[in-house]
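The chain contents come next:
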Amino acid sequence: MNQIKYYLKFIFIENRVLTVWVALGILIRLLLIPFSTHLDLLLSTYREYLWVQEEVPSIGLIAEGILALYMKLFLPLFKHLPEALQTDQYGIIGLPEHLKFALDSFSLRNLFLLKLPFLIFDLGFLWVLLKFARDKKEQIIISAFWALNILMLYSVFAFGRYEIMPVLVLTVSFLLAKNKKMFWSLVFFSFAISLKTYVVILAPIYLVYFSADFRSLIKNLMIIALPFFSINYLTELIFGKNLIAGIGGSSLMEFANRGGVGEEFNRISLFIIAYVLIIFFYFQRKRSFDFWQFFRFLSLALLSYFIFAYFHSHYLVWLSPFLILYFIKNKKILWPTVLMLIFFFILVDISTNRVATSLIFAPADWRFFSQIQIFRLQFFYNLTTGNLITVFHTLYVLSVGLIGYIIYRDEIKN
Amino acid sequence: MKLKINYKNLIVTALIIFSGFLFVNFYRFDFIGGTVIEPGECQPLTKDDNSCNFSFEADFSKVSGLMVNFDKKPILYRSPESKILMEIEYQKADGRSEKFSEELFVSKIKKGNNRFDFSPLEIKIDSKVRVKFSATTNIEPLDGLVINNQDYNPDPERNTAERIIYRETVKDLTARIIENLNRDQRFAGYYSALIYTLSAVIVILLIFQIENRK
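Model, not experiment: these values are computed from the prediction. (Residues numbered from 1 in each chain as written. Chains lettered and ligands numbered in written order. Predicted model: local features only at pLDDT ≥ 70, side-chain atom pairs only at ≥ 80, totals over all residues.)

### Concerning the overall build of chain A
Put simply, the rule reads: Numbering of helices and strands runs from the N terminus; a helix is a DSSP stretch of H or I covering at least four residues, while a strand is a stretch of E covering at least two. Only C-alpha atoms enter the radius of gyration; for comparison, a globular chain is expected to reach 2.2 Å times N to the power 0.38, where N is the number of residues. Each residue is classified by how many other C-beta atoms fall within 10 Å of its C-beta atom, where C-beta atoms are placed from the backbone; a count of 20 or more means buried, 12 or fewer means exposed, and values in between mean partly exposed. Contact criterion: two residues are in contact if their C-beta atoms, reconstructed from the backbone, are within 7 Å.
Looking only at helices and strands, chain A features 20 helices and two strands. By the compact-globule yardstick of 22 Å for 414 residues, chain A fits well, its C-alpha radius of gyration being 22 Å. Overall, chain A is about 70 × 60 × 45 Å in size when its C-alpha atoms are taken along their principal axes. Residue burial in chain A is summarised as follows: out of 414 residues, 44% are buried. A fraction of 71% describes how many contacts in chain A between residues 6 or more apart in sequence connect residues 24 or more apart.

### So, the overall build of chain B
For chain B, the count of helices and strands is four helices and twelve strands. Residue burial in chain B is summarised as follows: out of 214 residues, 19% are buried. The long-range fraction of contacts in chain B, counting pairs at least 24 apart against all pairs at least 6 apart in sequence, stands at 79%.

### Things to note about the nonpolar core
Note the following rule: By convention the nonpolar core is taken to be a set of buried residues drawn from Ala, Val, Leu, Ile, Met, Phe, Trp, Tyr and Cys and joined through C-beta atoms within 7 Å.
Counting residues in hydrophobic clusters, the biggest one holds 126 residues, and the most contacted among them are I164, V169, A192, I205, L298, A301 and L302 of chain A. Once you skip the residues sitting within four places of it in the chain, I164 of chain A turns out to touch F118, F121, D122, F125, M152 and V156 of chain A.

### Re the packing of helix α3 (residues 39-54) of chain A against helix α4 (residues 62-74) of chain A
Residue and element names in this part refer to chain A. Basically, it comes down to this: An axis is simply a line fitted to the C-alpha atoms; with a helix, the fit covers only the stretch in contact. Between two such axes, the angle follows the N-to-C directions and lies from 0 to 180 degrees. Oblique is the label for any angle not under 35 degrees, not over 145, and not in the 65 to 115 range, which are roughly parallel, roughly antiparallel and roughly perpendicular in turn. The crossing is said to be left-handed when, going from far helix to near helix, the turn is anticlockwise and less than a right angle, and right-handed when the turn is clockwise. Polar here means any residue other than Ala, Val, Leu, Ile, Met, Phe, Trp, Tyr, Cys and Pro, which are nonpolar, and Asp, Glu, Lys and Arg, which are charged; Gly is therefore polar.
For the pair α3 and α4, interaxial distance at closest approach is 9 Å and the crossing angle is 55°. The angle between α3 and α4 falls in the class oblique. Handedness of the crossing formed by α3 with α4: right-handed. Contacts between α3 and α4 pair S44, R47, E48, Y49, W51 and V52 from the former with E64, L67, A68, M71 and K72 from the latter. The residue makeup of the contact of α3 with α4, split by class, is six nonpolar, one polar and four charged.

### Brief notes about the confidence of the model for chain B
Residues and elements named next belong to chain B. Just so we agree on the cut-off: Confidence scores here are pLDDT values: one per residue, from the predictor, ranging 0 to 100.
Looking at chain B as a whole, the pLDDT averages 70, with 39% of positions reaching at least 70. Within chain B, the lowest mean pLDDT, 48, falls on helix α2 (residues 74-77), and the highest, 94, falls on helix α4 (residues 185-207). Predicted confidence is poor over residues 119-124, with pLDDT under 50, and the contacts of this stretch with residues over four places away or in other chains come to twelve contacts. The ipTM for the predicted assembly is 0.88, set against a pTM of 0.82.

Spelled out as structure tokens, the structure:
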């Protein structure tokens, strides 16, 4: 009884404001969960369902595997799933299937169940973020940013992608690095790579941070490689398929190279140039176990990806832990971040012709959300789609560049 | 322990709830695009009837005609002798209306967008539009027809023409979303309970503050 009293006092009296933000964050997420989905979620669900029901080795990624195990456990709660997901061609889901799923009587229940694990991972993400706070004020700032984290709300709870898993595991790795637990930080970093290839972008900075000499570099490489291949072996045993082969390392390279200049033989990737310069700069300036310097260079490496490379709209959530945690260090990144979000969502709405914005909410009301294009305002009517994309992509890149500049300036000052 | 009311938060919460009430009841979305006849939306009134009524609200101030897309209806082409009568009625809030009709012979319908021009409409601004389709064949194949303005161009690169501005009130939208949720009664019950409880916790925590007596 005393224990319950203690927790109630802790939550409702001592941390009242924090509780309000967390409850608000959960409420917003719960409101989004059943009423939205992107075609990608339906496609993953279809693959998961094939494995759960017919043991077809259809799972493509480790994150999908985790969700398939969850589906297997709670399958009786799902309803109409095979009928709602019905598709004749394996792996091809288009707008007619989206409509069919959205109009199904049980689509809201199914979406709620499908996305519920994301909420649990996201609460874990909040818990890890709060560990970075030095006092109550910082805890409240972090919880407010977590609650209103538009990138997470969009990518995970509206779009329905599993990006929260690598983001959570990577943030755990940062926390361990901050607490100087090198081995476990590298192990979690390896798990994060298994969940999403993009994390590999950060590997050189991790290796520079943790390695004092060539010998320790080889040792650290081994620490990263071993869990990665062990997970691969384990998933092959469970799902009957090599999931790491399906991670799509080739698409990472393709995306990285798309944002380049020149033609054919003379084509160069701007991302690779920026990335190599950032790693070289870090190597030169490295201070032993300066976590925030390490964090600044991780942020710069990732920001260079989002400036120069091609990416899908739900990938931008990878910036979440960087933006939230860096805000505690320097509040000046707030306004460039707000601008980045505005330009980014206008860009996505126009460039995907609403497929990745309003159409996501089709399960709430197909008629309305399949017609409305949120940002395609009459104001822009005299501009063609191509011009609009150029204008807003440029504005988006400028705002991301501004965030990068603020972080770079902090590094120079230190 | 002392229960205290935080008046500042009380006012802010009341203002947010009141703004939400105003938004839901009075806000209207104006948006641009085509409208599609969904399955079951254009139903015959009687068993022997082959006509259906379909209406939508829109601002036709910049539009002088409609375009119907027959792309997704290959079934229609199999019976070229059948006829479709399309009647359009613009109704203004004061009750005045204008009617236009066009008989479409399926054999003359080309694949893709079919354009129907109407003379400049005096009362088309803020009109409610009723489109009636009658057919000599089963009306069911009409599901999926897309209605756009006459300048619609399916190529988004070139589609810079003025289009129909549709009207949708948040109230109607909310009602439809709730209706959609209630299709699965059991889930709706649990989900609503969860949302209301969480909302109540937030409001209570914002308004009431428990302080330790010193």
